Amino acid sequence: MHLLGIWMLMAALQVVVLGGETEGLSSKQGSLPCTRGFSQEEYIIEMDQELAKGQAVFNVSFMNCGGGKVWFEVGDASDFRVSEDGVVYALRHFSLAAKEKEVVVVIYARDLQSKQVWKTRVHLLFRPDGNRPGPEQVKPSDATLTQRVPEILFPWRSVVVRGDGTLRRVKRDWVIPPINVPENSRGQFPEDLVRIRSDRDKNRMLRYSVTGPGADQPPTGIFIINSISGQLSVTKPLDREHISNFHLRAHAVDLNGNQVENPIDIVINVIDQNDNRPEFTHTTFNGSVPEGSKPGSFVMTVTAVDKDDPKTANGMLRYKILSQNPQSPSSNMFTINNKTGDIITVAAGLDREKVTQYTLIIQATDMEGNPTYGLSNTATTVIRITDVNDNPPEFTTETFFGEVHENRVNVIVANLTVTDKDQPHTSAWSAVYRIIAGDPTGRFSIPTDPTSNEGLLTVVKPIDFELSHSFMLIVEAENEALLARGIHLPRQSTATVTVRILDINESPEFSPNPKSIKLEEGLPAATLLTTFTAQDPERSMRQTIRYSKMYDPANWLEIDPVNGQISTIAILDRESPYVKNNLYNVTFMASDNGIPPASGTGTLQMYLLDINDNAPHVFPPEVEMCERPDPNAINITASDPDLNPNAGPFAFELANRPLDVRRNWTLNRLSGEYAQLRLRISSLASGIYEVPITITDSGNLPMSNTSYLRVKVCQCDHHGDCVDMERIIAAGLGTGAIIAILICIIILLVLVLLFVMWMKRRDKERQAKQLLIDPEDDVRDNILKYDEEGGGEEDQDYDLSQLQQPDALEPECVKVGIRRLDERPLHHDHQYPLRSAAPHPGDIGDFIHEGLKAADNDPTAPPYDSLLVFDYEGSGSTAGSLSSLHSSSSCGDQDYDYLGDWGPRFRKLADLYGGGDD
């Protein structure tokens, strides 16, 4: 009975409280959006330990929100089942004492259409000792929903059903109503929204706070709360299009900062206001519709968006057409679906050839199109009328004329013009021409000019004036694309074309061409072969035909210019290089006397039959053989230009002369084509031997010929190859090799001659440069630097006063020097003026004088550590010999000032030798 009472109470109350409790609550009322799912994530139930089979244990509440049918099922189907209305029954006698102290039952809800699944848990609690304290809290995070959506979460300790059927209320931590705030509020700020209060504030002082976006997180400062009274307020107007809702969390602490209530979420919904105009996705919409479309044909869709809430009238748009341009053939050619924006045709008569496009002004209005309260906007729609093939091509005239000369091909006879009102350069405009009568043999074709759409009547096969003087063609024109349904080709799509053929003087024609004949070679000159004539196609004209020869590579034939008889002028030879595969071709020309003259060619093919007119020859004509051949046999054959049976088999025989041929050689016939030549003796001296061999063919009249086989006998290595120089000598050098050697020798001699001439010219240029010495480099006015020829640094210092011009010396300062015996020239000794020494030479002067004295006394003294001997440089020099340096005469009054004019270097010398005692 207690369990039945519990079930009845639960059925009346339902386990989960769907609405907020109002006890101890002062708030502004509002409504929350409906969310599909179980009303609670977890249920807690206290009950007795014994459950009877089929007993109703509890029920669950599911918020369907107008959705599809939901099917319930139990996770553990062995102990419980759930009905369609959410009531859970025990399937068997169930003892909770035999189980654990807490039993968890999982209930699933499944949408049969979307296959979405929700889940909730039910905790069955009991106390065997009969004490029934409040159940332990089950965390909401243990429950799982497959689809999480924003919602206000109330504490799970709401209602607890005891096992004896009594109901015990467990207070909720918070009393929080749903909050709805309209956007763009113009009230005084801050504006109070709701007061949050906990009933624990009766015993102690509490402090309230809120956290989350809009409070202490960006955007901060939108919502504030009075920490003492718990009054929640908004500080500024809200914009739903910016943020549609806020999720805050409220906290309650005592004065010491200790939490006295669990935080709870607060959802603040921003109520939409009509503050945004509809906006079209494009300023101009472009669409198209085929011409001739029936009423109700879809054209295009225009779309506008409104930032306001689409679930309210603020975001519900309605479309309409304000204007149409042009208003032809009707002012209402189109209509628009006021909800979807689909534009369709409502009238017939769309014709691209009359109106190519329409421009519509479309208006979108919110508030479901209310013209008084709704906001609106406009856009332009351009509808292009596309072409269909509703206009067949029509010829500009019924008859066309043309003319062409006979035998001409790929010539345009006439241009056929049509008109087509469809869009140019489309398949509905491009014309295709077809000859439907008057040309059974297909001598004409009519391609289409893609630019002008004209038909080009063209001759594609030669036309003979003698057979046809004119043609009358029936031509039909149609489009590449099929005509629209209900449109047929008019009479103007067919025209007549008259073509006149013009006569020309045609060339004579040989018949047959080419002409083939068979005859034997060897026919003598002046033999009549055949007659090769041509006919003139111009039967109406009596013209004379003359014949001539055009191509006869061997010059064997001639043709009679009047009657075309062909005869030989030389002997025909099948073995001629001009004969290919026994065929010899000769080309003749036939010319008439028309105006202008015309000519044609014909070919005579002669198949030459072979006769035995060529004697055989030995092949190969030259062979090699070792002095001691092993084996000493050579295989030979015969070469005969004739064909069988005028060629092989052959008969081979050694000639009787000279006599030593049969003594040294023997010839054995191997077959009708080959014979073998052997030595009769064991060895043969190196050299070149010519062996005469007589060969006879098998012709009807056999022909014999004695030809010489050139045999080169040489020394051979163990491989049987010739290695001695006699083979090379026998081979000799060819004319080309000799000429190449001579050219190389001549080129080498020319190069040597050019090199010698270049060396001589270089020497002349060098001598010319020596003659053209700059005046500043003259030896009489400068000190020349020679390669070192002395023995040390002591030889580098000399009495530079000796370089003075001898003409400037006083007579008493000049004395004759002593010549060395090894000096050149060896003829008459010259007298060289002597220079006086420097006035105060010092130690250097003493050193030079001692060296001079020793050199003068020793004619064989070496050049080192003494005066140097220079080569003779000719007579007539104004400078004295350097041998005069031996002079020890004093010329104290010599003037050295002129050295200062030679530059800074010689100015120092002037100071040394021309200065005073210092």
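These numbers were taken from a predicted model, which means no experiment stands behind them. (Residues numbered from 1 in each chain as written. Predicted model: local features only at pLDDT ≥ 70, side-chain atom pairs only at ≥ 80, totals over all residues. Heavy atoms only, no water.)

> Could you give me a rundown of the side chain of T694, with the residues and numbers involved?
Relative to the elements of secondary structure, T694 occurs in strand β54 (residues 687-696). Residue classification places T694 among the buried positions, given a relative accessible area of 18%. Reaching out from T694, the side chain makes a polar contact with the side chain of T706 at a distance of 2.8 Å. Excluding residues within four positions of it along the chain, T694 makes contact with A651, F652, E653, A655, S704, N705 and T706. (Helix = DSSP H or I, 4+ residues; strand = E, 2+ residues; numbered from the N terminus. Buried < 20%, exposed > 50% of the residue type's maximum accessible area, 1.4 Å probe, protein only. Polar contact = N/O pair within 3.5 Å; in protein donor to acceptor, adjacent residues only side chain to side chain. Contact = heavy atoms within 4.5 Å.)

> Describe the sheet that holds strand β49 (residues 622-626), with residues and values.
The mixed open sheet is built from four strands, whose spatial order is β49-β55-β54-β51. Two strands bound the open sheet, and with one partner strand each, they are β49 and β51 (651-654). Between one strand axis and the next, the sheet turns through 35° on average, direction left out of account. (Pairing = 2+ DSSP bridges. Axes fitted to C-alpha atoms, helices over the stretch in contact; angles between N-to-C directions.)

> For the packing of aromatic side chains, give the residues involved together with the corresponding values.
Scanning the model with the defined rule gives 16 aromatic pairs in all. Ring geometry for F280 against F285: centres 6.1 Å apart, planes inclined by 70°, an arrangement best described as edge-to-face. Of the two residues examined, F280 and F285, each falls in the buried class. Pairing W556 with Y584 gives two aromatic rings, centres 4.6 Å apart and planes at 35°, and the pair type is tilted. Highlighted residues: W556 in the loop between β43 (546-551) and β44 (557-559) and Y584 in strand β46 (residues 583-591), separated in sequence by 28 residues. For the pair W556 and Y584, a shared accessibility class is recorded, and that class is buried. Within the aromatic cluster, the residues linked to one another by ring pairs are F38, F62, F72 and W118. The aromatic ring of Y607 is capped on one face by K518, whose charged end is 5.3 Å from the ring centroid. (Phe/Tyr/Trp six-rings, centres within 6.5 Å; stacked < 30°, edge-to-face > 60°. Lys NZ or Arg CZ within 6 Å of the ring centre and 35° of its normal.)

> So what's going on with the pattern of salt bridges? Residues and values would help.
If you walk through the whole model with that rule in mind, you get 17 salt bridges. Residue R249 is joined to D265 by a salt bridge in which the shortest nitrogen-to-oxygen separation is 3.0 Å. In this pair, R249 sits in strand β19 (residues 245-254) while D265 sits in strand β20 (residues 264-271), placing the two residues 16 residues apart along the sequence. R249 gets classed as partly exposed once you look at its relative accessible area, which sits at 38%. The salt bridge partner of K549 is D552, with a shortest N-O separation of 3.2 Å. A residue is classified by how much of its surface remains accessible, and D552, at 11% relative accessible area, is buried. (Salt bridge = Lys/Arg side-chain N within 4 Å of Asp/Glu carboxyl O.)

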